[in-house]
Amino acid sequence: QVQLVESGGGLVQAGGSLRLSCAASGRTFSLYAMGWFRQAPGKEREFVAAIAWSGGNTYYGDSVKGRFTISRDNAKNTVYLQMVSLKPEDTAVYSCAQGRVPYGAGSSPVEFSSWGQGTQVTVSS
């Protein structure tokens, strides 16, 4: 059974930075694409970033391109989301997700199945 546990959220001022972590267990981490999604109150879930199983390709939502960076450490079974130049509109619950099948690219949100509980990110103006 896949388990994903996010950490690193918090309250930060606009322009600040945060790094989110997601520790995964239950499957061979290195074989699966990983992604980050977010959901703000009253809004639909939004794709943020994804990284292929190989780590060779990354993908970003338009609203975070150039500000967020996704990375993975297969030795630690962990995926990260480095966020800089944060804006109040980045406020949301951020959840990580794991690919549905092994060797996925992570290029489409529909590729992801298992989800974590999420971590709250609040950006004050």
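What counts and how
Residues numbered from 1 in each chain as written. Predicted model: local features only at pLDDT ≥ 70, side-chain atom pairs only at ≥ 80, totals over all residues. Heavy atoms only, no water. Phe/Tyr/Trp six-rings, centres within 6.5 Å; stacked < 30°, edge-to-face > 60°. Helix = DSSP H or I, 4+ residues; strand = E, 2+ residues; numbered from the N terminus. Buried < 20%, exposed > 50% of the residue type's maximum accessible area, 1.4 Å probe, protein only. Lys NZ or Arg CZ within 6 Å of the ring centre and 35° of its normal. Disulfide = S-S within 2.5 Å. Polar contact = N/O pair within 3.5 Å; in protein donor to acceptor, adjacent residues only side chain to side chain. Contact = heavy atoms within 4.5 Å.

Caption draft 1: Spotlight on the packing of aromatic side chains. In total, this model carries four aromatic pairs according to the counting rule given. Look at F37 and F47: their rings are 5.5 Å apart centre to centre, the planes differ by 70°, and that puts the pair in the edge-to-face class. With F37 in strand β4 (residues 34-39) and F47 in strand β5 (residues 46-51), this residue pair connects regions lying 10 residues apart in the sequence. Accessibility assignment for this pair places F37 and F47 in one class, buried. Centre to centre, the rings of F37 and W115 are 4.7 Å apart; their planes meet at 70°, and the pair counts as edge-to-face. Of this pair, F37 sits in strand β4 while W115 sits in strand β10 (residues 112-115), placing them 78 residues apart in sequence. Each residue in the set F37, F47, F112 and W115 is aromatic and connected to the rest through ring pairs, giving one cluster. Looking at R45, its charged tip hangs above the ring of W115, at a distance of 3.7 Å from the centre.

Caption draft 2: Representation of the state of the cysteines in the model. Counted by the stated rule, this structure contains one disulfide. There is a disulfide in this structure between C22 and C96, and the S-S distance comes to 1.9 Å. With C22 in strand β3 (residues 18-25) and C96 in strand β9 (residues 92-99), the pair connects residues that are 74 residues apart, well separated along the chain. In this structure, C22 and C96 share a single accessibility class: buried.

Caption draft 3: Just the side chain of R72, in detail. Along the polypeptide, R72 turns up in strand β7 (residues 68-73). At a separation of 2.8 Å, a polar atom in the side chain of R72 contacts the main-chain carbonyl oxygen of Y32. Only 2.9 Å separates the side chain of R72 from the side chain of N74, close enough to count as a polar contact. Beyond its immediate chain neighbours, meaning those up to four positions away, R72 contacts F29, S30, Y32, A33, M34, I51, A52, W53, G55, T78 and V79.

Caption draft 4: Molecular detail of unusual backbone geometry. A positive phi angle is found at S85, which is not glycine, with a value near 50°. Mapping S85 onto the fold places it in the loop between β8 (78-83) and β9. In this structure, Y103 is a non-glycine residue whose phi angle is positive, near 65°. Tracing the backbone through its elements, the reader meets Y103 in the loop between β9 and β10. Judged by its relative accessible area of 52%, Y103 is exposed.

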